[in-house]
Amino acid sequence: METGRVRSDSFEVDHRQVQTLFSRDRHIIAEMLSRIVVGVKRLDVDRPVLGLVISLASETGGEVHVVHVRQQRCSKGGPSYDETMEDASRVVEQAVFELRMAGIGTNGKVTSTLEGRVARSIMEQADLFAADVIVVGCRKHHGLHRLFGNSDRDTLVRLSSVPVLLAPVESSQRPTDGAGELAGPRDLAP
Amino acid sequence: MGAYGVVSRLLFAIDGGALDRDALEVAVTFGTTYRVEVRVLRVRKGDCAHGYRYIETNEEAWTPVNYAVFELRMAGVGASGQVVRAPVDQVAQAIEQVARAWGADAVLLGPGRRSRLGRILARPLESRLEEILRLPIIVVPRSIRSGSGEPAPPTAARTP
């Protein structure tokens, strides 16, 4: 592996273009990163994600919008959700509480969508909130999930119109249900 | 950052294409907002099918790095540059090694040049990177709102 310092002899930069760019971008820089959407799946797993969001938002005095997506599954007995509305609301309420306790202006929402459309649901919320960045947890995958990746996460990265921050969560706290999803709580602590 | 501590070092891995423009804006934003030090990294890919011949020259690899460092410094962000060599299938490992050696707190990736089909056939870089890296990864999408329509940075010195 070759390493080295920046060489000044190969600068070939149009300085006028650079100056124009930065004079135009100053207002963007001041405004960016002040509105954060965070996708929360399980609070016990995604607590490091909230920690990351707290430090991002506290630096800019930004606002946070917590999103939790309920997934509708179609089975023999008809469509069913992977969790009750009560469980989903509890996740959002707890996340909002923790963020507000850290002094961050926060609101939250539970949305419901078809299985496999979690990323689109988060993007819709990000658009409605006019988010500057989307934060989601990323987990290590094993077996076939490792081979095929996380379709929801990949969709989010591919289609999002704002930067996506993938925050690692502890591998020991990997969800045992439906790895590769972005939302959906289980076994919540009271 | 948060549970990871305050971010102070951001590793910005560039692809060298015009799409790095958007990622550079995000790097500038992060650098100015969070007062982080940015290391611009370019991985020179070696193609093992051709006896590890490198796809670009050292000078071509340095040109976008220098440009990004210049722009970051113009915006008041502490920036440095680095070019490393790696086999074409070991780019994620090279980024991880640099992140570990430099003590990065987060990694910023541009959108990459792969098409939708390319992303299906081969796992995207951020996916491979998150398997081996325990750091936040910021991925700048292809269709970012604020960056569209910006002029492309000068590409590698291909003109005589």
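Residues numbered from 1 in each chain as written. Chains lettered and ligands numbered in written order. Predicted model: local features only at pLDDT ≥ 70, side-chain atom pairs only at ≥ 80, totals over all residues. Heavy atoms only, no water.

A separate point is the packing of aromatic side chains. All names here are of chain B. The tally for this structure, following the rule as stated, stands at 1 aromatic pair over all chains. Measuring from ring centre to ring centre gives 5.3 Å for F30 and Y34, while their planes differ by 45°; the resulting arrangement is tilted. Placement of both F30 and Y34 in helix α1 (residues 20-34) is noted, with a separation of 4 residues, approximately one turn of the helix. Under the relative-accessibility criterion, F30 is labelled buried at 2%. (Phe/Tyr/Trp six-rings, centres within 6.5 Å; stacked < 30°, edge-to-face > 60°. Helix = DSSP H or I, 4+ residues; strand = E, 2+ residues; numbered from the N terminus. Buried < 20%, exposed > 50% of the residue type's maximum accessible area, 1.4 Å probe, protein only.)

The next thing to look at is the pattern of salt bridges. A complete count under the given rule lists 9 salt bridges over all chains for this structure. Among the salt bridges present, the one from B:E37 reaches B:R9, with a minimum N-O distance of 3.6 Å. Residue B:E37 is found in strand β2 (residues 37-47), and its partner B:R9 is found in strand β1 (residues 9-14); the two are separated by 28 residues along the sequence. Overall, B:E37 belongs to the partly exposed group, its relative accessible area being 31%. A single salt-bridge network, built from bridges that share partners, covers A:E86, A:D87 and A:R90. (Salt bridge = Lys/Arg side-chain N within 4 Å of Asp/Glu carboxyl O.)

For the rest of this paragraph, the subject is the packing of α1(B) against helix α2 (residues 58-74) of chain B. All names here are of chain B. Contact pair α1 / α2: the axes reach a minimum separation of 10 Å and the direction vectors enclose 35°. Seen along the crossing, α1 lies across α2 with a hand that is right-handed. In this structure, α1 uses R21, L24, A27 and V28 to contact α2, whose residues at the interface are Y67, A68, E71 and L72. Taken together, the residues that form the contact of α1 with α2 break down as 6 nonpolar, no polar and 2 charged. (Axes fitted to C-alpha atoms, helices over the stretch in contact; angles between N-to-C directions. Left-handed = near helix turned anticlockwise from the far one by under 90°. Contact = heavy atoms within 4.5 Å. Nonpolar A, V, L, I, M, F, W, Y, C, P; charged D, E, K, R; others polar.)

We now examine the confidence of the model for chain A. In the predicted model, chain A carries a mean pLDDT of 73, and 65% of its residues have values of at least 70. Throughout residues 172-190 of chain A the model reports pLDDT below 50, and contacts reaching past four residues in sequence, or to other chains, amount to 62 contacts. (pLDDT = per-residue confidence, 0-100.)

What follows covers unusual backbone geometry. A positive phi is found at A:A130, a non-glycine position, where the angle reads about 55°. Turning to its location among the elements, A:A130 is positioned in the loop between α4 (118-129) and β5 (133-138). The phi dihedral of B:R35 is positive, around 50°, even though this residue is not glycine. Tracing the backbone shows B:R35 in the loop between α1 and β2.

Before going further, it helps to spend a moment on the environment of B:E131. Within the element layout of this structure, B:E131 appears in helix α5 (residues 125-132). Residues B:E131 and B:A92 lie 39 residues apart in sequence; the distance between their C-alpha atoms is 9.3 Å.

Where helix α2 (residues 43-60) of chain A contacts α1(B), the axes come no closer than 10 Å and their chain directions differ by 70°. By the criterion of interaxial angle, the relationship of α2(A) to α1(B) is roughly perpendicular. Between α2(A) and α1(B), the contacting residues are A:S55, A:L56, A:E59 and A:T60 on the first element and B:F30, B:T33 and B:Y34 on the second. When the residues that make up the contact of α2(A) with α1(B) are grouped by side-chain class, the tally is 3 nonpolar, 3 polar and 1 charged. (Parallel < 35°, antiparallel > 145°, perpendicular 65-115°, else oblique.)

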